[in-house]
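# An overview of the molecular structure
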Amino acid sequence: MSEDVRLVAWVRGQVQGVGFRWFTRARALELGGMSGFALNLADGRVQVVAEGPRERCEGLLDWLHGDDTPGRVDGVTEIWDTPRGGYEGFAIR
């Protein structure tokens, strides 16, 4: 059985105004088993917080790094941590 983790990722590039948060939420729901959110930051990045089984969070991170995202991703910085809880589903903020 997989351990639950917390993934926090900051996505750089042309990721605001292109539906990036919506598609991130859709991908997280498609992978299943995760809760968290996607949030536009004032500096133009999108922050993604996902909690759930490690392999699901890794799948979301792989998607963030991939070519199937809307807009243009120039880079992703991530940190891994223990889950904090408190999220219902996967939200767009």
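Structure shown above.
In this text, all values refer to a predicted model and were calculated from it rather than measured experimentally.

Within a regular strand, the side chains alternate between the two sheet faces. Two strands pair when backbone bridges link them, and strand β1 (residues 4-14) and strand β3 (residues 46-53) are joined in this way by 8 bridges, in the antiparallel orientation. Each bridged residue has a counterpart across the sheet, and for valine 8 the counterpart in β3 is valine 49. Inspection of the sheet shows β1 paired to strand β4 (residues 72-81) by 9 bridges, in the antiparallel sense. Bridge pairing in β4 places valine 8 opposite isoleucine 79.

Mapped onto the fold, glycine 52 is located in strand β3. In this structure the C-alpha to C-alpha distance between glycine 52 and threonine 82, which are 30 residues apart in sequence, comes to 9.8 Å. Discounting residues that sit within four places of it in the chain, glycine 52 has contacts with Glu3, Asp4, Val5, Gly33, Met34 and Cys57.

Further remarks concern the nonpolar core. Formed by 19 residues in total, the largest nonpolar core has its most connected members in Val11, Val48, Leu60, Leu64 and Phe90. When residues of this core are traced back to their parent elements, those giving at least two are β1, α1 (20-31), β3 and α2 (54-65). The element best represented in this core is α2, accounting for 5 residues. If near-sequence neighbours (up to four positions away) are discounted, valine 11 is found in contact with Phe20, Arg45, Val46, Val48, Leu64, Val73, Gly75 and Val76.

A few words now on the sheet that holds strand β5 (residues 90-92). One open sheet accounts for 5 strands, arranged β4-β1-β3-β2-β5; its pairing is mixed. At either margin of the open sheet sits one strand with a lone partner, and together these are β4 and β5. Direction aside, neighbouring strands of the sheet carry axes that sit 15° apart on average. Where α1 meets the sheet, it contacts β1, β2 (35-40), β3, β4 and β5, and its direction lies at approximately 175° from that of β5. The strands touched by α2 within the sheet are β1, β3, β4 and β5, with β3 carrying the most contacts at an inclination of about 155°.

Definitions and limits used
- For every chain, the first residue of the written sequence is number 1, and numbering continues from 1 onward in sequence order.
- Residues qualify for local features only when their pLDDT is at least 70, as the model is predicted, and side-chain atom pairs are given and counted only at 80 or more; totals for whole chains, interfaces and linings, by contrast, use all residues.
- Hydrogens and water molecules were not included; the side-chain quantities draw on all heavy atoms of the structure.
- Any two strands between which DSSP finds at least two bridges are classified as paired.
- Secondary structure elements are taken from DSSP: a helix is a run of H or I of four residues or more, a strand is a run of E of two residues or more, and numbering for both begins at the N terminus.
- Contacts are assigned to residue pairs with any non-hydrogen atoms lying within 4.5 Å of each other.
- Buried residues of nine kinds, namely Ala, Val, Leu, Ile, Met, Phe, Trp, Tyr and Cys, make up a nonpolar core once their side-chain atoms join them within 4.5 Å.
- Three labels apply to residues, based on accessible area from a 1.4 Å probe with only protein chains included: buried if under 20% of the type maximum, exposed if over 50%, partly exposed otherwise in between.
- Lines fitted to C-alpha atoms define the axes here, with helix axes fitted over just the stretch in contact, and angles between the N-to-C directions of these axes take values from 0 to 180 degrees.

Interpretation in functional terms is not warranted from these geometric data alone.
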